[in-house]
Amino acid sequence: MIEVRVPRLNSNDTHYIVVEWVAEEGSRVAEGDPLVVVETSKATEEIAAEGEGVVRRLLPEGAEIEPGQTVAHLLPGSEPLAGLEDPRQDVEPGHRPQHDGIVITGPARALMASAGVSEERVRALGVRLVRRADIERLAAGPEAPEPPAPPYPQHERVTLGRAQRRTAELVSESHRTVPAAFTALTVEVDAALAMARTATRSYRTLVGLPELLVRAAGLLRDRFPLFFAEAEPDGVVRLAPAAHVGVTFDTGKGLAVPVVRDAGTRSLAEVSKDLMEFRRASMGDGFRERDLRDPSTVVTLHTDPGVAFAVPVVFPGHTSALSLAAVRTELELDGEGAPVARQVVNLGVAYDHRVLNGRDAVAFLVAARELLRSPEQLA
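About the cut-offs
Every chain's residues receive numbers from 1 upward, in the order its sequence appears when written. For this predicted model, a pLDDT threshold of at least 70 governs which residues receive local features, and a threshold of 80 or more governs which side-chain atom pairs are given and counted, while totals over whole chains, interfaces and linings are taken from all residues. Hydrogens and waters are ignored; side-chain quantities use all the structure's heavy atoms. As a per-residue measure, pLDDT reflects the predictor's confidence and takes values from 0 up to 100. It only takes one pair of heavy atoms within 4.5 Å for two residues to be counted as in contact. Any Lys or Arg side-chain nitrogen found within 4 Å of a carboxyl oxygen on Asp or Glu counts as a salt bridge. The helix and strand labels rest on DSSP assignments: H or I over at least four residues marks a helix, E over at least two residues marks a strand, and numbering proceeds from the N terminus. Exposed residues in this analysis have more than 50% of their type's maximum accessible area, buried residues have under 20%, and partly exposed residues fall in between, with area computed by a 1.4 Å probe over protein chains only. Note: the arc covers the axis-to-C-beta directions of the helix. Side-chain rings of Phe, Tyr and Trp (the six-membered ring for Trp) are treated as a pair once their centres are within 6.5 Å; stacked means planes under 30 degrees apart, edge-to-face means over 60, and tilted covers the remaining angles. Whether two strands pair depends on DSSP finding at least two bridges between them. Only buried Ala, Val, Leu, Ile, Met, Phe, Trp, Tyr and Cys residues count toward a nonpolar core, and they belong to the same one when joined by side-chain atoms within 4.5 Å.

1. Here we look at the confidence of the model for the protein
Here comes step 1: In the predicted model, the protein carries a mean pLDDT of 84, and the fraction of residues at 70 or more is 85%.
Here comes step 2: Predicted confidence is poor over residues 84-99, with pLDDT under 50, and the contacts of this stretch with residues over four places away or in other chains come to 42 contacts.

So this is what it looks like as structure tokens:
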């Protein structure tokens with residue numbers, strides 16, 4: 001028997017929702033066949049069979065699940081089975097998110113009712129899976145202006161969106177389980193900014209300090225493997241197989257952390273193209289689940305003008321998180337005592353103090369600083 005477990009699909013969520021069973025109860029599937037669609041706060045993802053077998057569902061559509069939870073068994077046998085009890089039958093009529101071949105998630109259906117969006121308009125979208133974001137666009141209308149920030153009275157209670165509630169759960173879990181510390185250094189970035197401008201023209205895609213820092217973090221993984229690890233019980237640490245570097249994006253639709261895969265072995269041009277695609281996704285239709293999977297560390301961007309530094313959250317299952325603040329100008333004296341302007345940023349790292357110490361953090365930041373000071377190494 002094969003247990004079908006839901007992987008951790010992104011670092012922001014502690015729970016997902018089963019929105020559709022693709023494989024019928026009692027049917028036989030082959031390795032790679034789609035079994036079930038689950039929804040996170042950012043996107044939806046199909047979970048595929050990891051082997052052959054007969055499907056035995058364990059949960060109904062609409063159920064809330066945790067990463068690592070078993071949702072189905074693949075039973076041995078060569079023939080489909082009949083007569084198995086389908087767990088979907090426990091769901092009340094009208095609760096299933098299936099309508100005329102279109103899968104509508106629970107949050108989307110609730111918004112359809114409250115916003116008065118008709119089923120005809122939903123069908124006209126031409127998509128197989130309808131999420132809350134799709135209904136929000138329909139409810140706003142093609143010509144709707146950006147609504148002003150509501151002047152909430154002090155006595156009014158406001159329900160946070162699902163994405164923010166999931167972020168709250170993650171942050172709370174982090175503070176409960178990860179004894180984090182934080183260290184920051186000032187880094188001169190004149191050479192890095194000049195190199196980034198040249199690379200932008202050469203690669204024909206945006207290169208800035210975030211791209212350079214992601215590439216630098218990837219190159220540091222072999223020298224500092226404990227910063228790309230997962231703490232386990234009894235003093236054991238599981239090292240990450242590669243430098244999969246997550247980068248924070250928040251355009252007002254909730255925090256997302258898409259991941260640059262193998263940042264230590266890929267070129268700066270490839271890293272910059274990944275981040276450009278992530279920017280488009282964050283402002284458009286959102287991320288695919290494969291964009292959000294399995295970061296081994298995270299770079300948090302706090303580059304709005306005037307931001308001096310920020311202490312990032314170390315996600316549960318991680319040992320570190322880098323923070324990049326805004327560029328600012330400082331004056332220093334040259335060899336002759338004359339003032340010279342230089343561009344600097346504060347670069348910080350939060351770290352799990354069970355695994356890493358302050359000396360480790362300083363060594364890691366100094367190595368990152370040297371890569372940014374000599375950015376030709378990053379190209």
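Now that the structure has been shown, the text picks up again.
2. Structural notes on the pattern of salt bridges
Here comes step 1: Throughout the structure, instances matching the rule amount to 21 salt bridges.
Here comes step 2: Put simply, Glu 188 and Arg 373 hold a salt bridge, and the shortest N to O gap is 2.7 Å. Here Glu 188 is found in strand E12 (residues 180-188), whereas its partner Arg 373 is found in helix H9 (residues 358-373), with 185 residues between them in sequence.
Here comes step 3: Classification of Arg 373 by relative accessible area gives partly exposed; the value is 34%.
Here comes step 4: Residue Arg 238 is joined to Glu 232 by a salt bridge in which the shortest nitrogen-to-oxygen separation is 2.8 Å.
Here comes step 5: For Glu 232, a relative accessible area of 26% corresponds to the partly exposed category.

3. Here's the deal with helix H3 (residues 132-140)
Here comes step 1: Listed in full, the buried residues belonging to H3 are Asp 134, Ile 135 and Leu 138. Each buried residue of H3 sits inside an arc of 95 degrees when the element is viewed along its axis, so together they form one side.
Here comes step 2: Remark: Gly 141 follows H3 within two positions and exhibits a positive phi of approximately 85 degrees.

4. Quick word on the packing of aromatic side chains
Here comes step 1: Scanning the model with the defined rule gives 8 aromatic pairs in all.
Here comes step 2: Between the aromatic rings of Phe 224 and Phe 227, the centroid separation amounts to 6.1 Å while the plane-to-plane angle is 85 degrees, which identifies the pairing as edge-to-face. Like Phe 227, Phe 224 is buried.
Here comes step 3: Geometrically, the ring pair formed by Phe 278 and Phe 287 is edge-to-face, given 6.2 Å between the ring centres and 65 degrees between the ring planes.
Here comes step 4: Residue class for Phe 278 comes out buried when judged on its relative accessible area of 5%.
Here comes step 5: Phe 287 gets classed as buried once you look at its relative accessible area, which sits at 8%.
Here comes step 6: One aromatic cluster in this structure is built from Phe 224, Phe 227, Phe 228 and Phe 364.

5. Comments concerning the pairing of strand E6 (residues 53-57)
Here comes step 1: The buried fraction of E6 amounts to 4 of the 5 residues, a majority that puts the element mostly inside the structure.
Here comes step 2: As paired strands, E6 and strand E8 (residues 70-75) are joined by 4 bridges and run antiparallel to one another. Of the residues in E8, the one forming a bridge with Val 54 is Leu 75.

6. Looking at the sheet that holds strand E5 (residues 44-48)
Here comes step 1: Read from one edge to the other, the open sheet built from 4 strands follows the order E5-E4-E2-E7, with strand pairing classed as antiparallel. With one partner strand each, in any of the chains shown, E5 and strand E7 (64-65) form the two edges of the open sheet.
Here comes step 2: As judged from the 4 bridges shared by strand E2 (residues 16-21) and strand E4 (residues 34-39), these two strands associate in the antiparallel manner. Paired with Ile 17 across the bridge in E4 is Glu 39.

7. Thoughts on the nonpolar core
Here comes step 1: Among the nonpolar cores identified, the biggest contains 52 residues, and Leu 209, Leu 212, Val 214, Leu 275, Leu 322 and Leu 347 are the most heavily contacted of them.
Here comes step 2: Contributions of two or more residues to this core are made by E12, helix H5 (190-203), helix H6 (209-220), strand E15 (245-247), helix H7 (268-283), strand E18 (320-325), strand E20 (339-352) and H9.
Here comes step 3: Once residues lying within four places of it in the same chain are set aside, the contact partners of Leu 209 are Val 189, Ala 192, Leu 193, Leu 324, Val 327 and Val 345.
Here comes step 4: Counting 20 residues, the second largest nonpolar core, distinct from the first, contains Val 6, Val 38, Ile 65 and Val 71.

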